[in-house]
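Secondary and tertiary structure notes
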Amino acid sequence: MHILVTGAAGFLGSHLCDRLIAEGHTVIGMDNFITGSPENIEHLSGNPRFNFIEHDVSNFISFHKKLDAVLHFASPASPNRNSPRGYPNLQIETLKAGSLGTINTLGLARLNQARYLFASTSEVYGDPLEHPQPESYWGHVDPVGERSMYDEAKRFGEAAVMAYHRVHHVNTHIARIFNTYGPRMSLDDGRAVPNFIQQALRGEPLTIYGDGSQTRSFCYVDDLIEGIYRLLLSDEHLPVNIGSDTETSILEFARTINRLTENEAGVIYQPENVLGNDPRQRRPDLTRARTLLGWEPKVDVEIGLRVTIEYFRQKMELA
Ligand code: NAD
Ligand code: UDP
C-alpha cells in the first residue's frame, strides 16, 4: 500500500512509519514539527520506501499520487501547561489539527477511496464516571475546561470520521489510544514518563502533580502500534480502545521508575501543577480490541520502562 501518515515526526507517528515500512508498504510522512522532531525520522532518510512532506494538516492538502491508506496522527498530545509543546500552550493549533486536519485528511481518503485511521484518545472520556471505560461510555468532558481544546477537537474528529463513513462510505477506523510511552517521546513535552525518567536519571525527586492517587494504564509503544496496524486492516468502523489495562497510581508508577533507575531522591508533591479536570482514574475496557482484533498488550511495564530509560539516558548524554 501507499500510505500517508500525518504526525510522522512525532513519537507514535515515527514508530508507525517504521512498522508500515517493515510490512513492505511505501510511506509518505507529513509533519510541521510543531511538537515532533526531524531526529525521529532521520534514520528513514534515503529509504526508497519513505518520503517526507513538511506541511501543516490544518491547511488544504494537495497530493496527487494514489494513496491506499491515510493515518491521521498529527496533533499536540501533552497536557502539560509548563511545556512549550503542551496543548494548553498550543490551543488553537490543537483545535485546528483535530478539526480542520481531520476534515482535510478525510477528504484526501475519500478522493483516493483509501482506508482511514484516526488517532483518537482516552481523553474523549474526560474525567470518567464509569470505570474501566468501555467504548460505549459517552464521557464526562467539560467543553470549556483546561483540556477542552484537545478533548473536544478529538470528539469533533470522531464525529467527522463517522460522518465521512456514513455519508461518503469511507473505510474508516477510530483508535481510542490510552497513555502510551517509549523511545522518541520528546524530552521536554512534559508528560509523566519523560518528566519522571529524566528527573530520576538526574538524581532529582520526581514531581507528582496532586497527591499521586490518580491512576493511568501505561502501554508500551510496540504493543500500541501492533493494535493500530490490526485495526487499520480490520472491517471495524466504530471506536476501539487500544492501550494497557494494567492500572497503576501515578505515585506507584513514579516509585517504579525510581527503583529501576536506583534513584534515591524520592518524590516531591506539586499540587499547583495539576491541570483542570486531570482524570482521576483511567483504564480501558479492552474487550472489543481482544475480540475484534485478537489483540492485547504483551510488554511488561518494567521491560518497556527499561528500554525507555536507556533511550533517555543516551539522549540526555548527547544533549
Ligand atoms: P507527538 O507530539 O510526539 O506527535 C505529534 C506529531 O504531530 C508531531 O510530530 C507534531 O509536530 C505533528 N503535528 C501536530 N500538529 C500538526 C499539524 N497541524 N500539521 C502537521 N503535523 C502536526 O505526540 P504523540 O504522543 O506521538 O501523539 C500522536 C497522536 O496520537 C496524536 O494525535 C495524539 O492525540 C494521539 N494520542 C497519543 C497518546 C499517547 O499516549 N502518546 C494517547 C492518546 C492519543
Ligand atoms: N503527572 C505528574 N507529574 C509530572 C507529569 C504528569 O504527576 O511531572 C501526572 C499528571 O497530572 C497526570 C498523570 O501524571 O495525572 C499522567 O500525565 P500525562 O501528562 O503523562 O498524561 P495524561 O494522562 O494526563 O494525558
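Shown above is the structure to which this text applies.
Attention in this report is confined to the structure presented alongside it.

Rules and cut-offs
Residues numbered from 1 in each chain as written. Chains lettered and ligands numbered in written order. Predicted model: local features only at pLDDT ≥ 70, side-chain atom pairs only at ≥ 80, totals over all residues. Heavy atoms only, no water. Helix = DSSP H or I, 4+ residues; strand = E, 2+ residues; numbered from the N terminus. Expected span 1.5 Å × (residues − 1). Buried < 20%, exposed > 50% of the residue type's maximum accessible area, 1.4 Å probe, protein only. Arc of directions from axis to C-beta. Contact = heavy atoms within 4.5 Å. Core = buried A, V, L, I, M, F, W, Y, C linked by side-chain atoms within 4.5 Å. Near = heavy atom within 4 Å. Polar contact = N/O pair within 3.5 Å; in protein donor to acceptor, adjacent residues only side chain to side chain. Areas by Shrake-Rupley, 256 points an atom, 1.4 Å probe, with all protein chains shown as cover. Nonpolar A, V, L, I, M, F, W, Y, C, P; charged D, E, K, R; others polar. Pairing = 2+ DSSP bridges. Axes fitted to C-alpha atoms, helices over the stretch in contact; angles between N-to-C directions.

Bringing helix α9 (residues 301-318) into the picture now. An α-helical turn contains 3.6 residues, so a residue and the one three or four places further along point in the same direction. Here α9 is 18 residues long and its end C-alpha atoms lie 26 Å apart, about the 26 Å a rise of 1.5 Å per residue gives. When α9 is considered as a whole, its buried residues turn out to be G304, L305, T308, I309, Y311 and F312. What you see down the axis of α9 is that its buried residues fit within an arc of 165 degrees, all on one side. Turned more than 90 degrees away from the buried face of α9, the exposed residues are I303, Q314, E317 and L318. Turning to α9, the residues buried within the fold contact β7 (180-181), α5 (192-201), β10 (219-220) and α7 (250-261).

Attention now goes to the nonpolar core. Across soluble globular proteins, nonpolar side chains show a tendency to be buried alongside one another. In terms of nonpolar packing, the biggest core is built from 55 residues, with V5, L71, F73, I228 and I242 touching the most fellow members. If you tally residues by element for this core, the top one is helix α6 (residues 221-233), at seven residues. Those residues in contact with I242 that sit more than four places away from it in its chain are A175, R176, I177, F178, L224, G227, I228, L231, L286, L293 and W295. By size, the runner-up hydrophobic cluster in this structure holds 21 residues, among which are M30, L67, F118 and V161.

The next point concerns the site of ligand 2. Near ligand 2 you find 17 residues, and of these N179, T207, Y209, R216 and D278 are the closest. Side-chain polar atom of R147 to an oxygen atom of ligand 2: 3.3 Å apart, as the coordinates give it. Relative to its unbound accessible area of 520 Å², ligand 2 is 95% covered by the protein chains. At the level of secondary structure, the elements contributing two or more residues to the shell around ligand 2 comprise α5 and β8 (206-208). Here the element with the most residues in the shell around ligand 2 is α5; it accounts for three residues. For the shell around ligand 2, the per-class residue count stands at six nonpolar, five polar and six charged.

Further remarks concern the sheet that holds strand β3 (residues 50-54). One open sheet holds the seven strands; their spatial order is β3-β2-β1-β4-β5-β6-β11, and the pairing between them is parallel. Among the strands making up the open sheet, the edge pair consists of β3 and β11 (240-242). Across the sheet, the mean angle separating the axes of adjacent strands is 20 degrees when strand polarity is ignored. Sheet topology places strand β6 (residues 172-177) next to β11; three bridges connect them, and they run parallel. Across the sheet, the residue bridging to I177 is I242, located in β11. Packed on one face of the sheet, helix α1 (residues 11-22) meets β1 (2-6), β2 (26-31), β3, β4 (69-72) and β6 and runs near 170 degrees to β1.

Turning our attention to the site of ligand 1. Surrounding ligand 1, one finds 30 residues, the nearest of these being L12, D31, T35, Y150 and K154. Between ligand 1 and D31, the relevant distance is 2.6 Å, taken from an oxygen atom to a side-chain nitrogen or oxygen of the residue. Protein contact buries 96% of the 820 Å² of open area that ligand 1 shows by itself. Secondary structure elements with two or more residues in the shell around ligand 1: α1, β5 (115-121) and α4 (148-168). Partitioning the shell around ligand 1 into residue classes produces 14 nonpolar, twelve polar and four charged.

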